Amino acid sequence: MKQSAFARLYERYRYRPFAPHSIAPLVMFRILFGAAMMLGVVRFLLLGWVDVQYVKPTVHFAYYGFEWIPPLHDALQATTNGWSIYAVFAIMLAAALGITLGAWYRASAVAYFLTFSYVELIDKTYYLNHYYFVSLVALLMTVLPAERECSVDVWRKPTLRLSSVPRWTVDILKFQVALVYVYAGVAKMQSEWLFRAMPLAIWLPANDTLPLIGVWLRERWVAYAFSWAGMVYDTTIIAWLIYPKTRAIAYVAVIVFHVLTGLMFQIGVFPLVMITLTPVFFSVQFHERCVSALKRLAKAEQPQQEQTQDLQARFPAHSSLGQRLVLAALATYVIVQILFPWRWLLYQDRISYKQLFWTEEGYRFGWRVMLMEKAGTATFYVKDSSTGKEGEVVNREFLNEHQEKQMAMQPDMLLEFAQHLRAYYAARGVHKPSVRAEVYVTLNGEPSRLYVDSTVNLAAERDSWQPKRWILPLSQ
Amino acid sequence: MHYFSQLHRQASAVAAFIAVCIMLGVSACRDTRNPSSSSGFDRTTMLQEVSTNLIIPSYRETQMAVSRLQTSIQAFTQSPSVSTLQTAQSAWLEAYRAFLRSSPYDFGPAESAFGTLRENIGVFPANPQLTEQYINEARFDLNNFNRSTRGFHGMEYLLFAASAQETVTRFSAEAGANRRQYLTAITNDLKTRIDAVANAWLSGGYQTQFTNNNGTSIGSSTSMLFNEFVKSFEEAKNFKVALPLGRRPGQTTALPQHVEGLYSAQSLDFLKIHLATIENIWHGRTAASGGKDFTGFEEYLATVAGGQELIANTKAQLAAVNAALNAVPTSKPLADLIRENHPSLTTLNTELQKQTRFFKSDMSSLLGITITYSSGDGD
């Protein structure tokens, strides 16, 4: 019975993703995404962060499963006299321009995805949810036919022009944007956020010099109001954007929200990215008007050659096998995206967000943004196993400020640093070094507590999907 | 065409809000004085009081002491004798003690493209070999980055390294001409650098800027004051205690010759002044014994969530650090205590280590001070 119900559902909806849909939203998304990314790259270069984050540091914190990236980066830097990373950024910038203009689009999208992800994977110190988001969107863009209208590629080769695309190509982007907001909202449905107003009760008073609203930010009730409003906003904003009657006011709310958070917190280009990508929920008509306005502006109106080419030429939309493949790929992507952020539950004996904040097991890649105020001080001790002599490490001799700050409160980074120290001192004559760390962490304004077992030789531990037993429990 | 008017309405609403937001953004760059609020903390008051009562007096002291030092060096180089040397030595000690009290404010005017004031004139240990080489080669231009050949510790080496009679001999007659000129050159360099920073504060120009920059983001005065405060504390711990003690990984022996103030043998006194200065900044207290307590980090912490607990913990640990510091014997120079691996130093090192987290991570976290440039996680 169950199976046949599923089969009925499948039969009913399996063609839906392939229904024709105007290409306009996809085109606008491409242009806005590319433009925002160009701005992001230029900003990053102008701030001198390439040098600070990727040239100067001698230690990089690798992502689990991508341990080969930092050595690759080091090797490239060494063989090119330090300019390889700038070449990567140059390619990234050109690729973002290519995406915006729809020029050599497929190559541009692939190049952008690869260069951007490569840079992110060099060092997880700089992990941000919105960088992960950009990587995912860039990945999606590599397979979407976003260049098939209003692009240099179409101008070069008019037969490429499409007026409609399969519906899934737009819906998958909506799904991705919606997931960020809804999950960010769900993550706020916990007692620290709602009933202690943490961490906003710390962050808002620090912003009391903002004009107009600054004075209010010192008030405790304002932190509660912002916490609840933020939760409601994140959870429901997509619904308000989808519903035509509330769309305009919802978008105004998007702008106000992101500009405000952008003023208060040091969150870089994230507000801009969200303001430029949420219009994907606007009506098809809106996007079509934008596209034709753009075309008039560019005076690139081609002799009106009606859409003759049909979708199946490039998109195997009507071949049953092709459809099934696309459906399978879409389903896999969507299911992974929906489930992966919940893996943290598997680490918990008693489900608690505070425990999640403390151990950060399964924390990344979960759209948990601006959710905790956490900081630590980590002192590492390296011991020579033959003499028994133990020395104290000065972290700043290995790490920049940002790396030290992030490392001192994240277990997997503590581990990586310990392993780096072991290798470093072993090469400098310390016999079989063991490395232990005394780490004190404060979470949401509570007194700092000992974070990991300070007797454990961290250099001997391995990172894995398994729970890290050497993290001390939050309650002790 | 009704959808165009609808679009137009939507678009103009959006445009209006963007305009408001931009105006908000632009005006955020300007200083706006907030009326004092029932709750919360007025950072402007803290910045005003700390700069008026702590920072400026300490730089004024340093400037005057360095001025006296220069005078006594002139007297010594014009007629080297044990008496003029001793005057110069005590002038150096006074000037260095004053410098220790102003050096945690190593930001703003103290920053330059070629490093901060402390990096330029406070590097130790001195480098005797290179210093002697420069003297022999008559290189007085100081046109190099070997700061361990000049600054306070370069002077200390020249004034204190040998016995008084031997020092006078080295500086005397034709044979001592290069040495006299080198000492004069590094003294003048020291004075020029101190004067530049002190005058920027004393003229009031920088103080206004300092007081008005009353936010908590990176580059704000509170963030700079906090960062340099922590950096200064960690320098005391790492380079004035742990390193000479041989507590760095891979160090097989202690390095007593790396203590601060090796030649004048006043290391422990210097360390006490340094740590007392750190403690005073935390309180917002002036340097004089029984100094007046103004609005400082302590008062700031008292107004934030979790602040009272941190204040209690910090005070308890400061008491432990001071007890450990006072337990170190004063009968011998620090370098000698290090040579004999005196247990009181291990205790001191441990207590300083315990203090670190209260200053470094707990305080910035509770106060919401931004200490790094990179973007954080947004939503």
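**Remarks on the overall build of chain A**
Phase 1 of the analysis: Each helix and strand counted, chain A has 19 helices and six strands in total.
Phase 2 of the analysis: Classification of the 476 residues of chain A by burial places 57% in the buried group.
Phase 3 of the analysis: Put simply, 73% of the contacts in chain A that link residues at least 6 apart link residues at least 24 apart.
Phase 4 of the analysis: When the accessible surface of chain A is split by element, carbon and sulfur atoms take 65% of a total near 20,700 Å².
Phase 5 of the analysis: In chain A, which carries 46 positive and 35 negative side-chain charges, the distance between the mean positions of the two groups comes to 8 Å.

**So, the overall build of chain B**
Phase 1 of the analysis: Along the backbone of chain B there are 15 helices and two strands.
Phase 2 of the analysis: Counting across all 379 residues of chain B, residues that qualify as buried make up 55%.
Phase 3 of the analysis: Sequence-distant contacts, at least 24 apart, represent 74% of the contacts inside chain B between residues at least 6 apart.
Phase 4 of the analysis: Only carbon and sulfur atoms are counted for the fraction: they give 54% of the accessible area of chain B, which is about 15,400 Å².

**Side note on unusual backbone geometry**
It is generally the case that most residues other than glycine have a negative phi and that most peptide bonds are trans.
Phase 1 of the analysis: Here the bond from Met-198 of chain A into Pro-199 of chain A is cis, since omega is 5°, no more than 30 degrees from zero.
Phase 2 of the analysis: Counting through the fold element by element, Pro-199 of chain A comes out in the loop between α10 (191-195) and α11 (200-203).
Phase 3 of the analysis: Between Phe-124 of chain B and Pro-125 of chain B the backbone carries a cis peptide bond, its omega angle lying at 0°.
Phase 4 of the analysis: Counting through the fold element by element, Pro-125 of chain B comes out in the loop between α4 (117-121) and α5 (128-136).
Phase 5 of the analysis: Even without being glycine, Cys-150 of chain A reaches a positive phi, approximately 55°.
Phase 6 of the analysis: By the secondary structure assignment, Cys-150 of chain A is in the loop between α7 (129-141) and α8 (152-156).
Phase 7 of the analysis: At Met-370 of chain A, a residue that is not glycine, the phi angle is positive and equals roughly 45°.
Phase 8 of the analysis: One can find Met-370 of chain A in the loop between α17 (353-359) and β3 (374-383).

**Brief notes about the sheet that holds strand β6 (residues 449-450) of chain A**
Phase 1 of the analysis: Taken in spatial order, the four strands of this open sheet run β4-β3-β5-β6 (chain A), and their pairing is antiparallel. With partners counted over all chains shown, the strands left at the sheet margins are β4 (390-392) and β6 of chain A, one partner each.
Phase 2 of the analysis: Examined bridge by bridge, strand β5 (residues 434-443) of chain A and β6 of chain A share two bridges and lie antiparallel to one another. The residue of β6 of chain A that forms the bridge with Tyr-440 of chain A is Leu-450 of chain A.
Phase 3 of the analysis: Along the sheet, helix α15 (residues 343-367) of chain B makes contact with β3, β4 and β5 of chain A, crossing β3 of chain A at roughly 155°.

**With respect to the packing of helix α2 (residues 43-78) of chain B against helix α10 (residues 221-245) of chain B**
All names here are of chain B.
Phase 1 of the analysis: Packing of α2 against α10 brings their axes to within 10 Å, and their N-to-C directions diverge by 50°. Taken as axis vectors, α2 and α10 run oblique relative to one another. The hand of the α2/α10 crossing is left-handed. Residues Arg-43, Met-46, Leu-47, Val-50 and Ile-55 of α2 form the contact with α10, whose participating residues are Ser-221, Thr-222 and Leu-225.

**Things to note about the confidence of the model for chain A**
Caution is warranted with low-pLDDT regions, since their predicted coordinates should not be read in detail.
Phase 1 of the analysis: Here chain A averages 93 in pLDDT, and 95% of its residues register 70 or above.
Phase 2 of the analysis: Of the regions scoring below 50 in pLDDT, residues 310-314 of chain A engages in eight contacts with residues more than four places distant in sequence or in other chains.

**Digging into the packing of helix α13 (residues 244-264) of chain A against helix α14 (residues 270-277) of chain A**
All names here are of chain A.
Phase 1 of the analysis: Closest axis-to-axis distance for the α13/α14 pair is 9 Å, and the angle between their directions is 170°. Considering their axes alone, α13 and α14 lie roughly antiparallel with respect to each other. Contact residues: Tyr-251, Val-254, Ile-255, His-258, Val-259 and Gly-262 in α13; Phe-270, Pro-271, Met-274 and Ile-275 in α14.
Phase 2 of the analysis: Residue composition of the contact of α13 with α14, by class: eight nonpolar, two polar and no charged.

**Topic: α14 of chain A**
Residues and elements named next belong to chain A.
Phase 1 of the analysis: Of all eight residues making up α14, seven are buried, and the element is well covered by its neighbours.
Phase 2 of the analysis: All buried positions along α14 are accounted for by Phe-270, Pro-271, Val-273, Met-274, Ile-275, Thr-276 and Leu-277.
Phase 3 of the analysis: On its buried side, α14 packs onto α2 (24-46), α7, α9 (168-186) and α13.

What counts and what doesn't
Residues numbered from 1 in each chain as written. Chains lettered and ligands numbered in written order. Predicted model: local features only at pLDDT ≥ 70, side-chain atom pairs only at ≥ 80, totals over all residues. Heavy atoms only, no water. Helix = DSSP H or I, 4+ residues; strand = E, 2+ residues; numbered from the N terminus. Buried < 20%, exposed > 50% of the residue type's maximum accessible area, 1.4 Å probe, protein only. Contact = heavy atoms within 4.5 Å. Areas by Shrake-Rupley, 256 points an atom, 1.4 Å probe, with all protein chains shown as cover. Lys, Arg positive; Asp, Glu negative; His and termini not counted. Charge placed at Lys NZ, Arg CZ, Asp CG, Glu CD. Pairing = 2+ DSSP bridges. Axes fitted to C-alpha atoms, helices over the stretch in contact; angles between N-to-C directions. Parallel < 35°, antiparallel > 145°, perpendicular 65-115°, else oblique. Left-handed = near helix turned anticlockwise from the far one by under 90°. pLDDT = per-residue confidence, 0-100. Nonpolar A, V, L, I, M, F, W, Y, C, P; charged D, E, K, R; others polar.

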